[in-house]
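Breakdown of the fold
If you want the building blocks of each chain, they are given just below.
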Amino acid sequence: MDAERLMNAALNEEIKRLTTLGLHRRCVESDLPRLAGLTLEINRLKKAKNAVVCAHVYQTPDIILGIGDLVGDSYKLADDCRKTAADVIVFCGVHFMAETAKILNPSKKVYVPSKNAGCSLSEAVTGADVRKLKAEHPGLPVITYINTSAEVKAESDCIVTSANAEKILRRMYEKHERLIFIPDRFMGANLAKTLGKTPGEDIILWNGTCVVHERFDPELIKVYRKNYPGLVALAHAECPSELIAEVDFMGGTGDMMRYVENTDAAAYLLVTECGFGELARLKFPNKNFIAMCRLCPYMKSITLESVLALLQDPAPEEVTVPADIAARAKISIEKMFELAA
Ligand code: SF4
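Each chain carries its own residue numbering, running from 1 in the direction its sequence is written. With pLDDT at 70 or above as the cut-off, local features in this predicted model cover only qualifying residues; side-chain atom pairs require 80 or more to be listed or tallied, and sums for whole chains, interfaces and linings still use all residues. Here the side-chain values reflect all heavy atoms present in the structure, with hydrogen atoms and water set aside.

Comments concerning the site of the ligand
Every residue lining the ligand is accounted for by Tyr58, Val94, Cys119, Ser120, Leu121, Asn147, Cys210, Val211, Val212, Glu238, Cys296 and Tyr298. The pocket and cavity definitions rest on a 1 Å grid over protein atoms only: a 1.4 Å probe that fits but cannot leave marks a cavity, an open set with protein on both sides within 12 Å along at least five of seven lines marks a pocket, and residues lining either have an atom within 4 Å of a point. Think of it this way: if more than half of a molecule's atoms are within 2 Å of a pocket's grid points, that molecule is in the pocket or cavity. Mapping the ligand onto the cavity grids shows that it belongs to the largest cavity. Ten residues, namely Ala, Val, Leu, Ile, Met, Phe, Trp, Tyr, Cys and Pro, are considered nonpolar, four, namely Asp, Glu, Lys and Arg, are considered charged, and the remaining ones, Gly among them, are considered polar. For the shell around the ligand, the per-class residue count stands at nine nonpolar, two polar and one charged. Throughout, the term near means that a residue has one or more heavy atoms lying within 4 Å of the molecule or strand in question.

Here it is as C-alpha cells:
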C-alpha cells in the first residue's frame, strides 16, 4: 500500500471512531472528514511529544471527545493533572486552569492553545485587591474560587471549586465565625443562603461575576416550565440568586452531570455554558434536553486548529508562574485537596 492509500485508510478509521463517539450528530456531517484529519494529526503529535490534552466540559465535543485525554470540571482536571505521567500538558480550558496545572506540575511544560482564554472572574480581582481586603478585615481567612490568577491564589488561605465550595466553607465555619469569599459575588451569595449565613456580615464578598452565568433570565425558567411539563431545571452556582431560586438543582458541572445521570425527568433545562449541554446530549442520547445556554467567549477561543498549531510550534503559548508565587499558591490549592477529601 502506498503512502496516500495508508493515509486514506487512517482517515477512514478516524471518521469511524468519531462517528462511534456520536460526533456526526454534533457537526455538519459533510465536515466530518475535515475534523477527522485534524484529530488524527493532533493525536499523532500528542503521542510523539508525550503530551496529554486536558479538556474542560465547556469545550466543544470535537475537542472533548476527539482529542481529550483528561476531561472534567476545574476540580477534576486539577486533580487528574497531578497524576499524569505526560511531559507536556495542553490545556483546553482557560488560563487560570493552566496556571493551576503548572503550579501542581512545575517540571512539566503547560500550554494553552489560545491567547484569548481569559475569564471575567479571574480578571475581576488582583493580588493587591486581596491584600487590601485582608488589611480591612484582619484575621479573616480568605477562601478563593479557583477562577483566579496564581497571584490571587498566593494571597489566599484555601481554594475552592464549585464542586467542593459548600463542603469547604462548612469546614471553615467550624473554626471561624466570619470569612472572606472571592471573587464571585453570586456564588458567594448562593453559598451564604445554603449555609444560613448573611452576606456582608458572616461572609465578605467581592464584586466579580461570570459574563456567561450572570445574564440568564429567571423569568424564562417559568416559561419553560409551562411549556415542558415535568421539566427539571439545573443551574450552575455562578448564576444570580434570583435565578437559583427558580431551579430544582444548583451545583458545579460535575454535580449537574451526575444529577442528570441519576434521575429520569421528562426534560432537563441546563442553565450554564453551551458546551456542557452538548456533552450531556452525547452522553445521554435518550434524554430530552431543552436549550438555555450561553457561549463562553474565552473557552470558545480554543479550536482544533489552534491545538494543532500549538503542538506544531508550542513555544509562544507556554504558561509560566514565578517560583515564589507558585510556592504560596500551591499551599492554598493543596489545602483544597485536603479539605475536599
Ligand atoms: S464560563 Fe464564566 S467563569 Fe467559566 S471561564 Fe467563561 S467567563 Fe470564566
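Additional details are given in the paragraphs that follow.
Things to note about the sheet that holds strand β6 (residues 158-160)
Pairing is parallel in the open sheet, where four strands are placed in the order β6-β5-β7-β8. The open sheet is flanked by β6 and β8 (203-205), the only strands paired with a single partner. For this sheet the average axis-to-axis angle between neighbouring strands, irrespective of direction, equals 30°. Any two strands with at least two DSSP bridges between them are considered paired. Numbered from the N terminus, helices here are DSSP runs of H or I no shorter than four residues, and strands are runs of E no shorter than two. Two elements, strand β7 (residues 179-182) and β8, share three bridges in a ladder whose sense is parallel. Bridge pairing links Ile180 to Ile204 in β8. Across the sheet, helix α6 (residues 127-136) is in contact with β5 (142-145), β7 and β8; its angle to β7 comes to roughly 160°. Across the face of the sheet, helix α9 (residues 185-195) comes into contact with β5, β7 and β8 while running at roughly 165° to β8. Every angle, taken between N-to-C directions, lies between 0 and 180 degrees, and every axis is a line fitted to C-alpha atoms, over only the stretch in contact when it is a helix. Pairs of residues are marked as contacts when any of their non-hydrogen atoms sit within 4.5 Å.

Details of the state of the cysteines
The rule for a disulfide is simple: a pair of cysteine sulfur atoms within 2.5 Å. A full pass over the atoms with the stated rule returns one disulfide. Between the sulfur atoms of Cys274 and its disulfide partner Cys293 the distance amounts to 2.2 Å. The sign of the 95° torsion about the S-S bond sets the Cys274-Cys293 disulfide as right-handed. On the criterion of sequence distance, the pair formed by Cys274 in helix α13 (residues 274-283) and Cys293 in strand β13 (residues 293-294) is long-range, its members being 19 residues apart. Using a relative accessible area of 15% as the deciding quantity, one classes Cys274 as buried. Relative accessibility decides the category of a residue: with a 1.4 Å probe and only protein chains considered, values under 20% of the type maximum give buried, values over 50% give exposed, and everything between is partly exposed.

Remarks on α13
Along α13, seven of the 10 residues are buried, which leaves the element largely enclosed by surrounding structure. Among all positions of α13, only Cys274, Gly275, Phe276, Gly277, Leu279, Ala280 and Leu282 are buried. Each element contacted by the buried residues of α13 is listed here: α3 (61-66), α12 (253-261), β11 (267-273), β12 (289-290) and β13. Residues adjacent in sequence count toward polar contacts only when both atoms are side-chain atoms; beyond that, a polar contact is any pair of N or O atoms within 3.5 Å, and within protein one must be able to donate a hydrogen and the other to accept it. Backbone nitrogen of Gly275 and a side-chain oxygen of the N-cap are separated by 2.6 Å at the start of α13; the cap is Glu273.

Observations concerning the domain arrangement of the protein
Splitting the protein by domain gives domain 1 (3-118 + 300-317), domain 2 (122-210) and domain 3 (218-295). Between the C-alpha centres of domain 2 and domain 3 there is a distance of 26 Å. Each partner contributes to the interface: domain 2 provides 11 residues, whereas domain 3 provides 10 residues. Approximately 830 Å² of surface area, both sides summed, lies buried where domain 2 meets domain 3, with 51% of it carried by carbon and sulfur atoms. A domain assignment, automatic or from a database, supplies the domain bounds used here. Summed over both partners, the accessible surface that disappears when two parts come together, traced with a 1.4 Å probe, is what is meant by buried area.

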